[in-house]
Amino acid sequence: MKKGVMRPGHVQIRVLDMGEAVKHYTDLLGLIETDRDDQGRVYLKAWSEVDKFSVVLREADEPGCDFMGFKVVDEAALNQLEKDLVDYGVEVEQVPAEELKDCGRRVRFTVPSGHAFELYADKKYTGKWGVSSVNPEAWPRGLQGMKAVRFDHVLFYGPELAAVYDIFVNVLGFYLAEQVLDPEGTRVAQFLTVSMKEHDVAFIHHEEKGKFHHASFFLDTWEAVLRSADLISMTDTSIDIGPTRHGLTHGQTIYFFDPSGNRNEVFCGGDYHYPDHKPITWKAEDLGKAIFYHDRVLNERFLTVLT
Amino acid sequence: MAEFQVFNRTTGDHFICQEGQSVLKAMEQLGMKCVPVGCRGGGCGFCKIRVLEGDFKCGKMSKVHAPPEAVEKGEVLACRIYPLTDLTIECVLLPEAALAKQTTTKTLR
Ligand code: FES
Ligand SMILES: [Fe+2]
């Protein structure tokens, strides 16, 4: 049942070299730099997003993901969700307003898979980049590279998926859209949504806590995915796999790495989800096809290379 | 431009690496698979090798996979080292074993 969590709002990614990272996320992915702060973090957004930023890069000596934030509908919902988390036994941390520039207070918590999440209600509304909200043109001119449309979802690797499921579904009001079950019926992958999208966040079982698999950005068309593949070659960017289609969610996709080894995805299409939809199940025995629908074989690098 | 010979003692493979090129990239360009390839960005630790002989320059590497103590001992990430002389290397993770050894759930196989 919906509890007021609205959508993915931001992700903070650690990078080894800020200069190289900003070039990758702006020139290649087509995000727009919107600000920097005195910690040296760089704020970016995709053009169709209405708030000031969705990706924050932080220079560190180890790549990976610091946290993912979800925007909730309003302050009342934020208060209620915070209370629900505490009542459920989740430890929450208060991050004051403006710790991220132009973002309101955030409620941060870590789930048993070792990943940190945040909820917040306010962020500066700057409107879509390069188009008016009155009689808007179809798209803005001057976008770079892949022209990513929006930050879409994150896939995390870690243990204790059942406990993570309980928090996301029972406390935060997410729905299970798709899952992978092993022959004993244990869920080894869960794709969770608070929207009509097939996933807003996903988890795959892995022994080590807190690993980051990829941050994903939406594109409109398969043509745009192919064009992204061209750009990956033109820029000699490290490719992982694709262009191809997933079985899970049926999205059309390509995976590649940022200069610090964090995996990125751009994708289009994918199924939709309403609250009355029952979860789609893939069998772990058929995981090859579930992940890469065309190859139908497991790609070891995709399953094991993480930051 | 200078060229250097890289000898992988674990597998017995030799390959040429151009000046300014990473060891992993040189290997991949020749279609060889004697070091495991992951992110190619110094982030995942997949391409870890031990340099037994020779000099090289290092790019930025994740501290988790290449902590300073290990780098001292020549344990580095092949995607982030650039030879300055011929190199003799060995695999830290065996190429075939490397992938299987990672911790991803047995349940997913
Ligand atoms: S391939 Fe990932 S660290 Fe070298
Ligand atoms: Fe994805």
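Definitions and limits used
- The numbering scheme is per chain: residues are counted from 1 as the chain's sequence reads.
- Here the convention is simple: chains get letters from A, ligands get numbers from 1, in the order in which they are written.
- Residue-level local features of this predicted model are given only where pLDDT is at least 70; pairs of side-chain atoms are given and counted only at 80 or more, and the full residue set underlies all totals for whole chains, interfaces and linings.
- Working from all heavy atoms in the structure, the side-chain values ignore hydrogens and water.
- The helix and strand labels rest on DSSP assignments: H or I over at least four residues marks a helix, E over at least two residues marks a strand, and numbering proceeds from the N terminus.
- The atom set for the radius of gyration is the C-alpha atoms, and the globule formula is 2.2 Å times the number of residues raised to the power 0.38.
- Exposure classes here rest on a 1.4 Å probe applied to the protein chains alone. A residue is buried below 20% of its type maximum, exposed above 50%, and partly exposed in between.
- All accessible-area figures derive from a Shrake-Rupley calculation using a 1.4 Å probe, and residue coverage is judged against the displayed protein chains alone.
- Here, two residues are considered to be in contact whenever any of their heavy atoms come within 4.5 Å of each other.
- Buried area is understood as the total, over both parts, of accessible area removed when two parts are fitted together, assessed with a 1.4 Å probe.
- Polar contacts, as used here, are pairs of N or O atoms within 3.5 Å; protein pairs need one atom able to donate a hydrogen and one able to accept it. Residues neighboring in sequence count only if both atoms are side-chain atoms.
- Gly counts as polar in this scheme, as do all residues outside two lists: the nonpolar Ala, Val, Leu, Ile, Met, Phe, Trp, Tyr, Cys and Pro, and the charged Asp, Glu, Lys and Arg.
- The salt bridge criterion pairs a side-chain nitrogen of Lys or Arg with a carboxyl oxygen of Asp or Glu, the two atoms within 4 Å.
- Confidence of the prediction at every residue is given by pLDDT, a number between 0 and 100.
- Shown as donors are all N, O and S atoms within 2.8 Å of a metal ion, widened to 3.2 Å for Na, K and Ca; because water is not in the atom set, sites may appear incomplete.
- UniProt positions are given in the numbering used here, feature names are shortened, and annotations may be inferred rather than shown by experiment.
- Strand pairing is assigned whenever DSSP identifies at least 2 bridges connecting the two strands.

*Asks:* Sorry, what's going on with the overall build of chain A here?
*Replies:* Along its length, chain A carries six helices and 17 strands. Taken over the C-alpha trace, chain A has a radius of gyration of 18 Å; the compact-globule value for 307 residues is 19 Å, and the two agree within 12%. Expressed as lengths along the three principal axes of its C-alpha atoms, the size of chain A is roughly 50 × 45 × 45 Å. Going through the 307 residues of chain A one by one, you find that 59% of them count as buried. When the accessible area of chain A is evaluated, it comes to approximately 12,300 Å², of which 50% is carbon and sulfur surface.

*Asks:* Just to check I follow, could you spell out the interface of chain A and chain B for this structure?
*Replies:* Quoted interface sizes are often the accessible area lost when the parts come together. If you look at the interface, chain A gives 32 residues, while chain B gives 24 residues. Here chain A packs against chain B, burying approximately 2,200 Å² in sum over the two surfaces, 55% of which is carbon and sulfur. In this assembly, chain A and chain B are joined by eight residue pairs in polar contact (both at pLDDT 80 or more). Counting only elements with at least two residues in the side of chain A that touches chain B, the list comes to β12 (201-205) and α6 (300-304) of chain A. A total of four residues in the side of chain A that touches chain B trace back to one element, the largest contributor, which is α6 of chain A. Taken together, the residues that form the side of chain A that touches chain B break down as 14 nonpolar, seven polar and 11 charged.

*Asks:* Sorry, what's going on with the pattern of salt bridges here?
*Replies:* If the charged atoms of two oppositely charged side chains come close together, the side chains can form a pair. Residue and element names in this part refer to chain A. Under the criterion given, the structure shown has 31 salt bridges over all chains. Here Arg263 and Asp240 are joined by a salt bridge, their closest N and O atoms 2.6 Å apart. Of the two residues, Arg263 sits in strand β16 (residues 263-268) while Asp240 sits in strand β14 (residues 239-245), which places them 23 residues apart along the sequence. With relative accessibility at 1%, the residue Arg263 sits in the buried group. For Asp240, a relative accessible area of 5% corresponds to the buried category. Linked by salt bridges that have partners in common, Asp37, Arg41, Glu99, Arg106, Arg108 and Glu118 make up one network.

*Asks:* So what exactly am I meant to see when it comes to the confidence of the model for chain B here?
*Replies:* Caution is warranted with low-pLDDT regions, since their predicted coordinates should not be read in detail. All names here are of chain B. The share of residues in chain B with pLDDT of 70 or more is 85%, and the mean pLDDT across the chain is 89. The element-level mean pLDDT for chain B is lowest in helix α3 (residues 95-101), coming to 52, with strand β6 (residues 81-83) highest at 98. Segment residues 101-109: pLDDT under 50, and 28 contacts once partners within four positions in sequence are set aside and those in other chains are kept.

*Asks:* Just checking my understanding: could you explain the coordination of the iron ion (ligand 2) for this structure?
*Replies:* For a metal with four tetrahedral donors the ideal donor-metal-donor angle is 109.5 degrees, while six octahedral donors give ideal angles of 90 or 180 degrees. Residue and element names in this part refer to chain A. Bound to the iron ion (ligand 2) are the protein donor atoms His153 (NE2), His214 (NE2) and Glu265 (OE), situated 2.0 to 2.2 Å from the metal. Going along the chain, you hit the donors of the iron ion (ligand 2) in the pattern H-x60-H-x50-E. Of the two residues, His214 sits in strand β13 (residues 211-218) while Glu265 sits in strand β16, which places them 51 residues apart along the sequence. Note on Glu265: relative accessible area 2%, which makes it buried.

*Asks:* In this structure, what is going on with the UniProt feature "domain: VOC" (unreviewed entry) in chain A? I would like to understand it.
*Replies:* Residue and element names in this part refer to chain A. Here the UniProt-annotated "domain: VOC" (unreviewed entry) positions come out as residues 7-122 and 150-269. Annotation note: span residues 7-122, helix share 22%, strand share 40%, distance between end C-alpha atoms 13 Å. Span residues 150-269 is 20% helix and 46% strand, its end C-alpha atoms 13 Å apart.

*Asks:* What am I meant to see in the pairing of strand β5 (residues 64-72) of chain A here?
*Replies:* Along a regular strand, successive side chains alternate from one face of the sheet to the other. Residues and elements named next belong to chain A. Within β5, nine of the nine residues are buried, leaving the element largely enclosed by the surrounding structure. Bridge analysis of strand β1 (residues 5-15) against β5 gives eight bridges, and the strand direction is antiparallel. Directly across from Val11, in β5, lies its bridge partner Met68. Both β5 and strand β8 (residues 116-120) contribute to a ladder of four bridges, which runs parallel. Bridge assignment links Lys71 to a residue of β8, and that residue is Tyr120.

*Asks:* I'm lost on the environment of Glu93 of chain A in this one. Help?
*Replies:* Residues and elements named next belong to chain A. In this structure, Glu93 sits in strand β6 (residues 92-95). Here the alpha-carbon distance between Glu93 and Phe151, two residues 58 residues apart in the chain, equals 25 Å. Setting aside residues up to four positions removed in sequence, Glu93 forms contacts with Arg106, Val107 and Arg108.

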